[in-house]
Amino acid sequence: MHTPFPSPEIFAAIPGQKRLGNALMVYDVVGFQTCSDRDNFRRYVAASLDGEPLHGDRMAAQGETTTASVFPIGIDATAFRKLAEAESSKGPILPDLGEGMKTIIGVDRLDYTKGLPERLRAFEQLLEEFPEHRGKVRLVQIAPPTREILPVYQEIREDVERLVGRINGRFGDLRWTPVTYIHHGVPQDILTRLYREAAVGLVTPLRDGMNLVAKEYIAAQAPQDPGVLVLSRFAGAAEQLREALLINPHDINEMARALDRALTMPRQERWARHNRLWQRIETYDLANWRDSFIQSFAESDTDPVKLFSKKLGAA
């Protein structure tokens, strides 16, 4: 399950929640991105389905048993780093505005869960509270469209575009545009170059199952002079990426202070944090996610091919 699993109190409020809960118990394995999500599910099963824990990650309820485990999804970290190294040899992709100019990068679908208005307000607060950054930092926000026919997504786009215009009009000048806003997708090779050039990766969803942009940013960094990841503690990735600057995306002032800290962090601290982050995403990469999930079947002596065929009624 890529999306977060809610607390038992919230899940129990869903109409027909017991039918959904019973349906989840039919699966032999239910995977979650974080320990918190897995624990919420286990608490729900115990409280609402009269379930009970068995050995290890196994649990029983309503005459069914399932394995509820944590399988945090990763990226092909090594391949992504190699791509970033190869692309960086082509030189800078952003306009050269002087040696002192630093870049903050944000890459998100234009979705109300991603916290883009809050992020822009935090950047505005950075420029207001720390005037020494004016003319020396730029925010590049890439936000491809999604579900634009729905009114809520039209509203978020209007809000984001209004904030971008306000910040640029308030602080910008003929030489410096504080926010560069791109409302379409960017090819991966270009994206890796942007990640590598950015002094700060800004990943601040209000809630997210994992968020692989955070891991991509880490993988793209130059090991000896890396940037700093500012990460929402409500992203699933925060459970693994503890050396990032973890923030509350609802707290504009906290985000602004974290951005200031990231932009002024000494190189030695940046290196130490990045080194630990890299070791973790390299260890828990995409192959580890795949293998650990398949291993859960081997431990239960279940053939996943036969199992899935039977579940789908094909056998």
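Conventions used here
Residues numbered from 1 in each chain as written. Predicted model: local features only at pLDDT ≥ 70, side-chain atom pairs only at ≥ 80, totals over all residues. Heavy atoms only, no water. Helix = DSSP H or I, 4+ residues; strand = E, 2+ residues; numbered from the N terminus. Rg over C-alpha atoms; globule rule 2.2 N^0.38 Å. Buried < 20%, exposed > 50% of the residue type's maximum accessible area, 1.4 Å probe, protein only. Contact = heavy atoms within 4.5 Å. Areas by Shrake-Rupley, 256 points an atom, 1.4 Å probe, with all protein chains shown as cover. Pairing = 2+ DSSP bridges. Axes fitted to C-alpha atoms, helices over the stretch in contact; angles between N-to-C directions. Expected span 1.5 Å × (residues − 1). Arc of directions from axis to C-beta. Core = buried A, V, L, I, M, F, W, Y, C linked by side-chain atoms within 4.5 Å. 1 Å grid on protein atoms, 1.4 Å probe; cavity = no way out; pocket = protein on both sides within 12 Å on 5 of 7 lines; lining within 4 Å. Points joined across faces, edges and corners; volume = space filled by probe spheres on them. Nonpolar A, V, L, I, M, F, W, Y, C, P; charged D, E, K, R; others polar. Parallel < 35°, antiparallel > 145°, perpendicular 65-115°, else oblique.

*Asks:* Please clarify how the overall build of the protein chain should be interpreted in this entry.
*Replies:* Across its full length, the protein chain holds twelve helices and ten strands. Taken over C-alpha atoms, the radius of gyration comes to 22 Å for the protein chain, in line with the 20 Å a tight globule of 315 residues would show. A buried classification covers 48% of the 315 residues belonging to the protein chain. Sequence separation of 24 or more characterises 75% of the internal contacts of the protein chain that already satisfy a separation of 6 or more. When the accessible surface of the protein chain is totalled, it reaches about 15,400 Å², and 53% of it is carbon and sulfur.

*Asks:* Mind showing me how you'd approach the sheet that holds strand E2 (residues 52–53) here?
*Replies:* Sheet strands pair by backbone hydrogen bonding; their relative direction is either parallel or antiparallel. Strand order in the open sheet formed by four strands is E1-E4-E3-E2, and the pairing between neighbours is mixed. The sheet is open, and its two borders are formed by strand E1 (29–32) and E2, each paired with just one other strand. Contacting E1, strand E3 (58–61) and strand E4 (64–70), helix H2 (residues 17–26) runs over the sheet at an angle of about 85° to E4. The strands touched by helix H3 (residues 35–48) within the sheet are E1, E2, E3 and E4, with E4 carrying the most contacts at an inclination of about 160°.

*Asks:* It is not clear to me how helix H6 (residues 151–171) should be interpreted in this structure. Could you clarify?
*Replies:* Since one α-helical turn is 3.6 residues long, residues separated by three or four positions face the same way. Between the first and last C-alpha of H6 there are 30 Å, a value that for 21 residues agrees with the 30 Å anticipated at 1.5 Å per step. Of the positions making up H6, those classed as buried are Tyr153, Ile156, Asp159, Val160, Leu163, Val164, Ile167, Asn168 and Phe171. Along the long axis of H6, the arc covered by the buried residues comes to 155°, so they all point the same way. Summarising the geometry of H6, the exposed residues directed more than 90 degrees from the buried face are Pro151, Glu155, Glu158 and Gly169.

*Asks:* Quick question: what am I supposed to make of the nonpolar core here?
*Replies:* In summary, soluble globular proteins display a tendency toward joint burial of nonpolar side chains. Ile104, Leu120, Phe123 and Val230 are the most contacted members of the largest nonpolar core, which totals 35 residues. Mapped onto this core, the elements with two or more residues apiece are helix H5 (116–129), strand E6 (137–142), H6, strand E7 (179–182), strand E8 (200–203), strand E9 (228–232), strand E10 (245–247) and helix H9 (252–264). Leu191, Val203, Ile218 and Ala244 belong to the second-largest nonpolar core, a separate cluster that totals 32 residues.

*Asks:* Help me out: how do you make sense of empty space enclosed by the protein in this one?
*Replies:* Over the atoms a probe the size of a water molecule is rolled, and this reveals where empty space is left. Taken as a whole and assessed by the stated rule, the structure comprises one cavity of 30 Å³ or more. There is about 80 Å³ of room inside the largest cavity. Taken together, 14 residues make up the lining of the largest cavity; nearest its centre are Gly227, Val228, Leu229, Arg273 and Leu277. Those elements giving two or more residues to the lining of the largest cavity turn out to be helix H8 (212–220), E9 and helix H10 (267–283). Grouping the amino acids of the lining of the largest cavity by side-chain chemistry returns eight nonpolar, three polar and three charged.

*Asks:* How should the environment of Gln17 be read in this particular structure?
*Replies:* Tracing the backbone shows Gln17 in helix H2. Here Gln17 falls in the buried class, since its relative accessible area comes to 13%. For the pair Gln17 and Leu259, spaced 242 residues apart in sequence, the C-alpha to C-alpha distance is 41 Å. Beyond its immediate stretch of four places on either side in the chain, Gln17 contacts Phe11, Ala12, Tyr44 and Ser48.

*Asks:* How do you make sense of the packing of H5 against H6 when you look at a structure like this?
*Replies:* In a packed pair of helices, the relevant descriptors are the angle between the two axes and the axis-to-axis distance. Between H5 and H6, the least distance of the axes is 9 Å, while the angle of their chain directions is 10°. As summarised for this structure, H5 and H6 are arranged roughly parallel, according to the angle between their axes. For the pair H5 and H6, contact is made by Leu116, Pro117, Leu120, Arg121, Phe123, Glu124, Leu127 and Glu128 and by Ile156, Asp159, Val160, Arg162, Leu163, Val164, Arg166, Ile167, Arg170 and Phe171, respectively. The residue inventory of the contact of H5 with H6, partitioned by class, reads eleven nonpolar, no polar and seven charged.

*Asks:* Would you take a moment to explain the sheet that holds E9 for this structure?
*Replies:* Spatial strand order, E7-E6-E5-E8-E9-E10: six strands in an open sheet with parallel pairing. Either end of the sheet is taken by a strand with one partner, and the two such strands are E7 and E10. Shown here is a sheet whose adjacent strand axes are inclined to one another by a mean of 20°, direction ignored. Where strand E5 (residues 102–107) and E8 come together, two bridges link them in parallel fashion. Residue pairing in the sheet places Ile104 in a bridge with Val200 of E8. Most of the contacts of helix H7 (residues 188–197) go to E5, to which it runs at about 135°, and overall it touches E5 and E6. Docked against the sheet, H8 engages E5, E8 and E9, running at close to 170° with respect to E9.

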